[in-house]
Amino acid sequence: MENEPENELIVRDYLARQRTTMANDRTLLSYIRTSLYFLVSGTALMEVEVLDHISDLGYLSFALSIFLVILGFVNFFKVRKKLKKGYYQSM
């Protein structure tokens, strides 16, 4: 069953694979959303003049934003590759 084509799967297995694919998409979108939150908060920390003493947290927030986007895409493509190969049961 690991390397069966899509048309040989029963309906339950086909739907399970579709749910897993959509969950992978939702996970990527949540990584992107979290990254945007860090990007916005980093901009706010750097632009508000009253908060000059913690502007270094803005740079940290920018770095976390970039890291989260990269991590999200790496995870997305890794899981997608496993799904295409049929290894989705061993994840």
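Look up: the structure comes first, before these words.
Residues numbered from 1 in each chain as written. Predicted model: local features only at pLDDT ≥ 70, side-chain atom pairs only at ≥ 80, totals over all residues. Heavy atoms only, no water.

Draft legend 1. Region of the structure containing the pattern of salt bridges. Considering all chains together, one arrives at one salt bridge under this definition. In this structure, Arg12 engages Asp13 in a salt bridge whose closest nitrogen and oxygen atoms are separated by 3.9 Å. Its relative accessible area of 60% is what places Arg12 among the exposed residues. (Salt bridge = Lys/Arg side-chain N within 4 Å of Asp/Glu carboxyl O. Buried < 20%, exposed > 50% of the residue type's maximum accessible area, 1.4 Å probe, protein only.)

Draft legend 2. Spatial organisation of the environment of Leu45. Counting through the fold element by element, Leu45 comes out in helix H1 (residues 11-47). A sequence separation of eleven residues divides Leu45 from Asp56, and the C-alpha atoms of the two residues are 8.3 Å apart. The residues touching Leu45, leaving out its near neighbours within four places in the chain, are Leu51, Ile54, Ser55, Leu57 and Gly58. (Helix = DSSP H or I, 4+ residues; strand = E, 2+ residues; numbered from the N terminus. Contact = heavy atoms within 4.5 Å.)

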